[in-house]
Amino acid sequence: MDLTESENVMAASPVLGSRRRIRRAHVMAAGCAVAMCTALAAPVAADVGTTTTTTKPTIVLVHGAFADASSWNGVVERLESRGYTVMAPANPLRGLYSDSTYIASVLDSVKGPIVLAGHSYGGAVISTAAEGNPRVKSLVYVSALMPDVGESGMSLGAKFPSELGTATKSVPYRAGGVSGTDLYLKPDRIHPVFAADLPESTTRVMAATQRPAATTALSETAKVAAWKHIPSWFLVAKQDKAINPDQERFEAKRAGSHTVEIDSSHVAMVSHPDAVTDLLVQAATAAGSARPALAASGTTQDARAETALTGIAVGSLIAGTGAVLLARRMRRSRP
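All values reported here derive from a predicted model rather than from experimental measurement. Here the residue index of a chain counts from 1 through its sequence in written order. pLDDT decides what is reported in this predicted model: residues at 70 or higher carry local features, side-chain atom pairs at 80 or more are listed and counted, and totals for whole chains, interfaces and linings draw on all residues regardless. Note: side-chain values were computed over all heavy atoms of the structure, leaving out hydrogens and water.

Asker: Can you lay out the side chain of Thr58 for me, pointing to particular residues and giving the numbers?
Answerer: We count a stretch as a helix when DSSP gives it H or I for four or more residues in a row; a strand needs E for two or more, and each element gets its number in order from the N terminus. In this structure, Thr58 sits in strand β1 (residues 58-62). Whether two residues are in contact is decided by their heavy atoms, any of which lying within 4.5 Å being enough. With near-sequence residues (within four places) excluded, Thr58 lies in contact with Thr85, Met87, Val110, Lys111, Pro113, Ile114 and Val115.

This is the structure:
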């Protein structure tokens with residue numbers, strides 16, 4: 001190698017070295033960005049893994065006025081076939097305060113997480129009975145009353161009229177020194193108003209075996225509304241003539257409930273047990289999460305993932321900016 005070639009190699013060496021250092025800087029910066037993304041994403045994956053449990057909740061079914069627990073029979077059979085433990089206690093139908101206190105005491109006997117469902121007036125009962133019970137993970141309303149604080153079944157019905165008023169009759173009662181007024185369904189109105197999608201032979205049996213509700217059950221106003229902080233599911237019966245479907249939609253929207261609508265009469269759990277069972281299973285599956293979400297607010301997991309993705313984007317930006325600044329600094333140091 002002559003002198004000229006040697007001088008050229010020596011002159012080129014600093015330039016080549018600088019270029020190599022710049023490439024190494026880019027590689028290091030990219031590695032930092034990947035590491036930062038991994039670190040930010042890892043808590044999300046870990047969190048998802050800790051929010052689920054294999055324990056199935058107990059599903060407690062509360063019937064409404066003019067009925068008894070047997071109205072849930074078809075749903076109970078289907079839930080048990082899917083491996084769920086089910087309870088369908090007797091709702092006393094004597095008054096919102098006393099009925100909800102009784103159902104709350106039933107819930108105290110249940111171990112583990114609970115999905116609490118109510119049909120018709122039973123919806124008002126579960127809205128009060130679930131208050132203050134952290135084991136109630138989900139509320140399910142089936143063509144139900146869902147009063148806010150200060151509302152009653154009667155006040156909601158006044159805003160959303162239905163044919164129920166034309167289908168009931170009042171009968172005085174006396175029991176243990178207490179007197180009051182019971183409401184019964186008129187036998188000839190049960191089929192058209194209450195259960196139009198059931199055979200008339202079935203509604204005749206319903207008329208004979210109905211359990212009356214004291215007027216206080218529908219007139220007492222709610223003092224609490226558990227659906228404000230417990231995730232809820234709502235089945236709207238589009239052919240309901242006992243509770244106006246528009247009232248059901250109003251209640252579900254106000255609560256941010258996960259809502260389905262089906263072509264059913266008021267007694268959807270009798271005429272459409274599969275649809276009701278499917279909704280209950282949805283609520284039960286969500287109850288398996290440590291943090292079930294209100295429908296209107298999105299899941300905690302979604303919010304955490306969004307935060308993590310934002311962090312990843314910011315981290316990548318910081319890493320990329322660092323690479324550019326480092327490269328510029330190294331270029332300025334070249335001879």
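Asker: Run through the nonpolar core, naming residues and quoting values.
Answerer: Within the largest apolar cluster, 71 residues are counted, with the highest numbers of intra-cluster contacts made by Leu61, Leu116, Tyr121 and Leu139. Once you skip the residues sitting within four places of it in the chain, Leu139 turns out to touch Leu116, Ile126, Ala130, Ala226, Trp227, Ile230, Pro231, Ser232 and Trp233. The definition of a nonpolar core used throughout is a set of buried Ala, Val, Leu, Ile, Met, Phe, Trp, Tyr and Cys residues joined through side-chain atoms within 4.5 Å. Burial status follows relative accessibility: with a 1.4 Å probe on protein chains alone, a residue under 20% of its type maximum counts as buried, one over 50% as exposed, and anything between as partly exposed.

Asker: Describe helix α11 (residues 273-287), and please don't skip the residues or the numbers.
Answerer: Here α11 spans 21 Å end to end across 15 residues, near enough to the 21 Å set by a 1.5 Å rise per residue. Of all the positions in α11, only Pro273, Val276, Thr277, Leu279, Leu280, Val281, Ala283, Ala284 and Ala287 are classed as buried. Any helix carries an expected span of 1.5 Å times its number of residues minus one.

Asker: Explain the packing of aromatic side chains residue by residue, including any values.
Answerer: One pair of aromatic rings is described through two measures. These are the centre distance and the angle between the planes. Only Phe, Tyr and Trp rings take part, Trp by its six-membered ring, and two of them pair if their centres are within 6.5 Å. Stacked means planes under 30 degrees apart, edge-to-face means over 60, and tilted covers everything else. This model, assessed by the stated rule, comprises three aromatic pairs. Centroid distance Tyr141 to Phe234: 5.9 Å. Interplanar angle 10°. Geometry classified as stacked. Here Tyr141, found in strand β4 (residues 136-142), pairs with Phe234, found in strand β8 (residues 232-237); they are 93 residues apart in sequence, far enough to count as distant. Each of the two residues, Tyr141 as well as Phe234, counts as buried. Note on geometry: a ring has a charge over it if NZ (lysine) or CZ (arginine) is within 6 Å of the ring centre and within 35 degrees of the ring normal. Over the face of the ring belonging to Tyr84 we find Lys56, whose NZ or CZ atom lies 4.5 Å from the ring centre.

Asker: Give a description of the layout of surface pockets that names residues and reports values.
Answerer: Size it by volume and the largest pocket reaches roughly 400 Å³. Cavities and pockets were defined on a 1 Å grid built from protein atoms only: a cavity is a group of points that admits a 1.4 Å probe but offers it no way out, a pocket is an open group of points flanked by protein on both sides within 12 Å along at least five of seven lines, and a lining residue is one with an atom within 4 Å of any such point. Lining the largest pocket are 23 residues, and of these Gly153, Ser162, Leu164, Leu218 and Ala242 sit closest to its centre. Sort the elements by how many residues they give to the lining of the largest pocket and helix α5 (residues 153-159) lands first, with four residues. Lys, Arg, Asp and Glu make up the charged group, whereas Ala, Val, Leu, Ile, Met, Phe, Trp, Tyr, Cys and Pro make up the nonpolar group; the residues left over, Gly among them, are polar. The class makeup of the residues in the lining of the largest pocket is 14 nonpolar, nine polar and no charged. Grid points are joined across faces, edges and corners, and a volume is the space filled by probe spheres set on the points.

Asker: An account of the sheet that holds β8 is requested, with residue identities and associated values reported.
Answerer: At least two DSSP bridges between two strands are needed for those strands to be called paired. Taken together, the six strands give an open sheet; going across it, the order is β2-β1-β3-β4-β8-β9, and neighbouring strands pair in parallel fashion. Single-partner strands in this sheet number two, and they are β2 (86-87) and β9 (258-262). Direction of pairing for β8 relative to β9: parallel, over a ladder of five bridges. Its bridge partner being in β9, Trp233 is matched across the sheet by His258.

Asker: So what's going on with the packing of helix α6 (residues 187-194) against helix α7 (residues 200-209)? Residues and values would help.
Answerer: To obtain an axis, a line is fitted to C-alpha atoms, over the contacting stretch when the element is a helix, and the angle between two such axes runs from 0 to 180 degrees between their N-to-C directions. Two elements in contact, α6 and α7, have axes separated by 9 Å at closest approach and are oriented at 125°. In terms of orientation, α6 and α7 fall into the oblique class. In this structure, α6 meets α7 at a crossing whose hand is right-handed. Of the residues in α7, those in contact with Pro187, Ile190, His191 and Phe194 of α6 are Glu200, Thr203, Met206 and Ala207. Considered class by class, the residues forming the contact of α6 with α7 number five nonpolar, two polar and one charged. Roughly parallel covers angles under 35 degrees, roughly antiparallel covers those over 145, roughly perpendicular covers 65 to 115, and oblique covers all other angles. Note on convention: the crossing is left-handed when the near helix lies turned anticlockwise from the far helix by less than a right angle, right-handed when the turn is clockwise.

The analysis is restricted to geometry; functional conclusions fall outside its scope.
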